Amino acid sequence: FSVSASELVERDSPIPSLGRRRLAPRGDALEMQLDALVVGMLGKQVLVPGDGFNHTGGSATATRIGFELATSATAARIDVVDAQGKVVFSNTSRNLQQGLQTFEWDGRNRDGGTVAAGPLSVQVIAVDGTVAVDAQALVPARVVGISQTADGARLELDGGKPVAPADVRVIL
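These notes cover the structure that comes with them. (Residues numbered from 1 in each chain as written. Predicted model: local features only at pLDDT ≥ 70, side-chain atom pairs only at ≥ 80, totals over all residues. Heavy atoms only, no water.)

Brief notes about the packing of aromatic side chains
Here the structure, examined in full by the defined rule, presents two aromatic pairs. Both rings, one in Phe89 and one in Phe103, keep their centres 6.2 Å apart while their planes meet at 35°; by these two values the pair is tilted. Here Phe89, found in strand 5 (residues 87-96), pairs with Phe103, found in strand 6 (residues 99-105); they are 14 residues apart in sequence, far enough to count as distant. Each of the two residues, Phe89 as well as Phe103, counts as buried. Between the aromatic rings of Phe89 and Trp105, the centroid separation amounts to 5.9 Å while the plane-to-plane angle is 40°, which identifies the pairing as tilted. You can see Phe89 sitting in strand 5 and its partner Trp105 sitting in strand 6, a full 16 residues away along the chain. Trp105 matches Phe89 in its accessibility class, with the two residues each being buried. (Phe/Tyr/Trp six-rings, centres within 6.5 Å; stacked < 30°, edge-to-face > 60°. Helix = DSSP H or I, 4+ residues; strand = E, 2+ residues; numbered from the N terminus. Buried < 20%, exposed > 50% of the residue type's maximum accessible area, 1.4 Å probe, protein only.)

And the structure:
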């Protein structure tokens, strides 16, 4: 007895928005594997392009954040900014390769104090010598649902707008 990921989602989905609909047409093995990957993201923390996230606060709260560089950079600075516009954390990295860059932020401000829970934004500035480099901030979010649109599956994120599965840069 064998049940494909698409059939399982179609028949037994606990997700009301999927009901009895498949994410991909039946029969294509790659699409069925992708369906299973999408369903497997439920409840997971991910990094997606964006500029804000909801910080949970607390003294032992580490948060993975990051950015993506279009080309290599001699320096990149990432700032975490509170709702009042104050930079609560800043990190500068040097001699970075093109692509994904992530790190753990310990939830502390520049003075070593714990940053209170609440909305924070992430700003990235990158340069190669004196030339600006395109950089996209990557913020954490939890996948709380999946919806199907005319454009395909969308991941519903806590506190954020829905994204395509291809927008996920890291599954934490």
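Focus on the nonpolar core
Of all hydrophobic cores here, the largest spans 33 residues; its most connected members are Trp105, Leu155 and Leu157. Counting only elements with at least two residues in this core, the list comes to strand 1 (45-49), strand 3 (63-69), strand 4 (73-81), strand 5, strand 6, strand 7 (118-128), strand 9 (135-149) and strand 10 (152-157). (Core = buried A, V, L, I, M, F, W, Y, C linked by side-chain atoms within 4.5 Å.)

Focus on the pairing of strand 9
The sheet contact formed by strand 1 and strand 9 spans five bridges and is antiparallel. If you follow Leu47 over to strand 9, its bridge partner there is Pro140. In the sheet, strand 9 pairs with strand 10 via six bridges, with the strands oriented antiparallel. Paired with Gly145 across the bridge in strand 10 is Glu156. From the end of strand 9 to the start of strand 10, which pair antiparallel, there are two residues. (Pairing = 2+ DSSP bridges.)

These figures capture arrangement, not role.
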